[in-house]
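# Chains, contacts and geometry: an overview
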Amino acid sequence: QVQLVESGGGLVQPGGSLRLSCAASGSIFSINAMGWYRQAPGKQRELVAAITSGGSTNYVDSVKGRFTISRDNAKNTVYLQMNSLKPEDTAVYYCNAEISSYASTWFPYDYWGQGTQVTVSS
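Remember, predicted model here, so these are calculated numbers, not experimental data.

Scanning the protein from terminus to terminus reveals zero helices and 11 strands. Counting from the amino terminus, helix and strand elements in the protein follow one another as β-β-β-β-β-β-β-β-β-β-β. Relative to a compact globule of 122 residues, whose C-alpha radius of gyration would be 14 Å, the protein shows 14 Å and is just as compact. Counting only C-alpha atoms and orienting by the principal axes, one finds that the protein spans roughly 45 × 25 × 25 Å. Across the 122 residues in the protein, those meeting the buried criterion constitute 39%. A fraction of 56% describes how many contacts in the protein between residues 6 or more apart in sequence connect residues 24 or more apart. Surface accessibility of the protein: about 6,600 Å² in total, with carbon and sulfur atoms responsible for 48%. Taken as two groups, the 9 positive and 8 negative side-chain charges of the protein have centres that lie 4 Å from each other.

Listed below in structure tokens is the structure:
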């Protein structure tokens, strides 16, 4: 019964900014790592950014210095601040979280958001 709901996607001009949000809800016992993936047409899905439960972060080289991942544990929410956007950032962005539910506290499961479209175009 755990769900991830994404918001914040849209159309933006090159050099602009967007902030994606992903909120987890349901019978959550704990959340381990959280992250953002993206998939452009004709390309493989790639991990864009990840953040551990302790706050350590990692980014794909192409977004370093432009994107920032963060999380609010009290709200079970992960964010992706995207600055200096480029046309090549255009993709469907998916939220991911490793979550242990009350029904399965010993076996975390990877949950996925529904995806949100980010389009960078002039």
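On to the state of the cysteines, then. Disulfide: a covalent bond connecting the sulfur atoms of a pair of cysteines. By the definition in use, this model includes one disulfide. Covalent S-S linkage joins Cys22 and Cys95, the inter-sulfur distance amounting to 2.1 Å. Disulfide Cys22-Cys95: the torsion about the S-S bond is -85°, which places it as left-handed. In this pair, Cys22 is assigned in strand β3 (residues 18-25) and Cys95 in strand β9 (residues 91-101), connecting sequence segments 73 residues apart.

Moving on, we come to the nonpolar core. Trp36, Leu80, Met82, Tyr93 and Ile99 are the most contacted members of the largest nonpolar core, which has 31 residues in total. Every element with two or more residues in this core is listed here: β3, β4 (28-39), β5 (46-51), β7 (67-72), β8 (77-82), β9 and β11 (116-120). Apart from residues lying up to four places away in sequence, Ile99 is in contact with Val2, Leu4, Ala24, Ile28, Ser30, Ile31, Pro108, Tyr109 and Tyr111.

Rules of the game
- Residues numbered from 1 in each chain as written.
- Predicted model: local features only at pLDDT ≥ 70, side-chain atom pairs only at ≥ 80, totals over all residues.
- Heavy atoms only, no water.
- Helix = DSSP H or I, 4+ residues; strand = E, 2+ residues; numbered from the N terminus.
- Rg over C-alpha atoms; globule rule 2.2 N^0.38 Å.
- Buried < 20%, exposed > 50% of the residue type's maximum accessible area, 1.4 Å probe, protein only.
- Contact = heavy atoms within 4.5 Å.
- Areas by Shrake-Rupley, 256 points an atom, 1.4 Å probe, with all protein chains shown as cover.
- Lys, Arg positive; Asp, Glu negative; His and termini not counted.
- Charge placed at Lys NZ, Arg CZ, Asp CG, Glu CD.
- Disulfide = S-S within 2.5 Å.
- Core = buried A, V, L, I, M, F, W, Y, C linked by side-chain atoms within 4.5 Å.

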